[in-house]
Amino acid sequence: MAIPTSRSKVEAEIRIDTGRCTGCGRCVSVCKSFCLVLKDHKVALSGTSLFGCIGCGHCMAICPAEAITIQGRELSPDDLYDSPPPEDAATYPQLTALLQRRRSIREYEDRPVEAPLIEAILNAAQTAPMGLPPSDVNVVVFDSLEKSRAFAQDYVTFLKGLRFMTSKFFLAMMRPFWGKSNDELFRGFVSPLFSMVIDDMEKGKNDITYDAPVLFYFYGSPYADPADALVAATYAMLAAESIGLGTCMLGAIHPLIQYGAKAKKLREKYGIVCKSREGLFLAVGYPALNYKKSLKRTFASIHYQ
Ligand SMILES: Cc1cc2nc3c(=O)[nH]c(=O)nc-3n(C[C@H](O)[C@H](O)[C@H](O)COP(=O)(O)O)c2cc1C
Ligand code: SF4
Ligand code: SF4
């Protein structure tokens, strides 16, 4: 049985050119769906795979003889390209310089982000590991300040309708269901945030998307692993940083637009095709302020076993 995703529910087709196959076995090693075996010094279909070909393309990418191709689940031989040479890849010092220079940016120049840069960010983000192929991550792009601001205003209007969630009565009622940490988070963070965001928007100050000239929303389909969209958003963030843009991940929108008729209406208005277990908005723009200092960050714990 093929693994279902929103884009494909069938197995991909494996084509073998036995004339080219040297029997090196590389494809057999990398196929973790166990579709392939070596038989008489040539690759052959195992016939015992649990899920069939998932269309990961690893066999096609590893084969030195171009003897195996995959067609289906949104993959085709045309998707193969030569990997950039190792000397072109960022070194550890280059990568950590990029990571250490990054700060969340919430002040943007009043300057649009050029369309080719938006494309470049999307292209880089599509290289992210995104769970079972084909990727089930969807992206909404608000590619101008007018569009991102209109969305933020609509979202804040929507928040006004959810204000009951910050009342003492509602919080006391929910406490036994959603536990201590959620109760603390709502009382100490979400409730005051609601008030601030709504009041500020009425004064023309956008604390939700900070009037970023570009806004991306990454979200998974109901079939996707919840982490997929977050990984993709992280790649987009780093790609934007590498081309001189500032970014800020915005976690305050996604969870609240999942449930209820008004949330559905908002999603439909902005071309969000489904509810999603996880998703993340990413604000992007030219930084109006540049940091000359970085800050050391640490994990809550690192425990070697
Ligand atoms: C999942 C996630 C959600 C976030 N949500 C918001 C948000 O809604 N609004 C905001 O201003 N910053 C948000 N941030 C940014 C963090 O506040 C930021 O990373 C933190 O202030 C640390 O600063 P730094 O990114 O410069 O290290 C979010 C970050 C992550 C990873
Ligand atoms: S595409 Fe992936 S699952 Fe399909 S045969 Fe190749 S390695 Fe196996
Ligand atoms: S990697 Fe290519 S050449 Fe090697 S066994 Fe597989 S199909 Fe044959």
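Check the entry above for the structure.
Residues numbered from 1 in each chain as written. Chains lettered and ligands numbered in written order. Predicted model: local features only at pLDDT ≥ 70, side-chain atom pairs only at ≥ 80, totals over all residues. Heavy atoms only, no water.

Student: Please give an account of the overall build of the chain that cites residues and values.
Tutor: A count of helices and strands for the chain gives 8 helices and 8 strands. On the principal axes, the C-alpha backbone points of the chain span a range of 75 × 45 × 45 Å. For the chain, long-range pairs separated by at least 24 residues make up 75% of all intrachain contacts whose partners lie at least 6 apart in sequence. Working note: accessible area of the chain is about 18,400 Å², and carbon and sulfur atoms make up 57% of it. Positive and negative charge centroids in the chain, built from 35 and 32 side chains respectively, lie 8 Å apart. (Helix = DSSP H or I, 4+ residues; strand = E, 2+ residues; numbered from the N terminus. Contact = heavy atoms within 4.5 Å. Areas by Shrake-Rupley, 256 points an atom, 1.4 Å probe, with all protein chains shown as cover. Lys, Arg positive; Asp, Glu negative; His and termini not counted. Charge placed at Lys NZ, Arg CZ, Asp CG, Glu CD.)

Student: Before we move on, could you go through the side chain of S49 and cite the residues and values that matter?
Tutor: Relative to the elements of secondary structure, S49 occurs in the loop between β3 (42-45) and α2 (58-62). Polar side-chain contacts of S49 include one of 3.5 Å to the backbone nitrogen of F51. At 2.9 Å, the side chain of S49 and the backbone nitrogen of G52 are in polar contact. (Polar contact = N/O pair within 3.5 Å; in protein donor to acceptor, adjacent residues only side chain to side chain.)

Student: How would you sum up the packing of helix α3 (residues 92-101) against helix α7 (residues 227-242)? Please name residues and give values.
Tutor: Closest axis-to-axis distance for the α3/α7 pair is 10 Å, and the angle between their directions is 95°. On the basis of their axis angle, the class for α3 and α7 is roughly perpendicular. Each of L98, L99 and R101 in α3 lies in contact with α7, whose residues at this interface are L238, E241 and S242. The residue makeup of the contact of α3 with α7, split by class, is 3 nonpolar, 1 polar and 2 charged. (Axes fitted to C-alpha atoms, helices over the stretch in contact; angles between N-to-C directions. Parallel < 35°, antiparallel > 145°, perpendicular 65-115°, else oblique. Nonpolar A, V, L, I, M, F, W, Y, C, P; charged D, E, K, R; others polar.)

Student: Kindly report on the site of ligand 2, identifying the contributing residues and their values.
Tutor: The immediate surroundings of ligand 2 are formed by I14, C31, S33, C53, I54, G55, C56, G57, C59 and I70. Its residues placed into classes, the shell around ligand 2 shows 7 nonpolar, 3 polar and no charged. (Near = heavy atom within 4 Å.)

Student: Could you give an account of helix α8 (residues 261-269), naming the residues involved and the relevant values?
Tutor: Within the sequence span of α8, burial applies to A263, L266 and R267. Angularly, the buried residues of α8 cover 100° about the axis, an arc narrow enough to put them on a single face. In α8, those exposed residues whose orientation departs by more than 90 degrees from the buried face are A261, K262, K265, E268 and K269. Considering only its buried residues, α8 is in contact with α5 (145-160). Count one or two residues on from α8 and you reach G271, which has phi positive near 70°. (Buried < 20%, exposed > 50% of the residue type's maximum accessible area, 1.4 Å probe, protein only. Arc of directions from axis to C-beta.)

Student: Now, about the sheet that holds strand β8 (residues 279-285): what can you tell me, with residues and values included?
Tutor: Sheets are built from strands paired through backbone hydrogen bonds, the pairs being either parallel or antiparallel. Taken in spatial order, the 4 strands line up as β5-β6-β8-β7 in an open sheet, and their pairing is antiparallel. Unpaired on one side and paired on the other, β5 (137-142) and β7 (246-250) mark the two borders of the sheet. For this sheet, the mean angle separating the axes of adjacent strands, direction not counted, is 20°. Bridging between strand β6 (residues 214-220) and β8 involves 6 bridges; their strand directions are antiparallel. (Pairing = 2+ DSSP bridges.)

Student: Describe in detail the site of ligand 1, supporting the description with residues and values.
Tutor: Taken together, R102, R103, S104, R106, Y210, C248, M249, L250, G251, A252, L280 and R297 make up the full set of residues near ligand 1. Measuring from an oxygen atom of ligand 1, one finds a side-chain N or O atom of S104 at 2.5 Å. In this structure, Y210 approaches ligand 1 through a side-chain N or O atom, which is 2.4 Å from an oxygen atom. Alone, ligand 1 offers 620 Å² of accessible surface; in the complex the protein occludes 60% of this. Considering each element in turn, the shell around ligand 1 owes the most residues, 3 residues, to β7. Partitioning the shell around ligand 1 into residue classes produces 6 nonpolar, 2 polar and 4 charged.

Student: Outline the packing of aromatic side chains, supporting the account with residue identities and numerical values.
Tutor: As enumerated under the stated definition, the model contains 12 aromatic pairs in all. For the ring pair Y155 and F158, a centre distance of 6.1 Å and an interplane angle of 35° mean the geometry is tilted. Pair noted here: Y155 and F158 are both in helix α5, with a separation of 3 residues, about one helical turn. Ring geometry for F170 and W178: centres 6.1 Å apart, planes at 75°, overall edge-to-face. (Phe/Tyr/Trp six-rings, centres within 6.5 Å; stacked < 30°, edge-to-face > 60°.)

Student: Could you give an account of the environment of F158, naming the residues involved and the relevant values?
Tutor: According to the relative accessible area criterion, F158 is buried, its value standing at 8%. Put simply, F158 and K168 are 10 residues apart on the chain and 20 Å apart in space, counted from C-alpha to C-alpha. Once you skip the residues sitting within four places of it in the chain, F158 turns out to touch L256, I257, K262, A263 and L266.

Geometry only, nothing functional implied.
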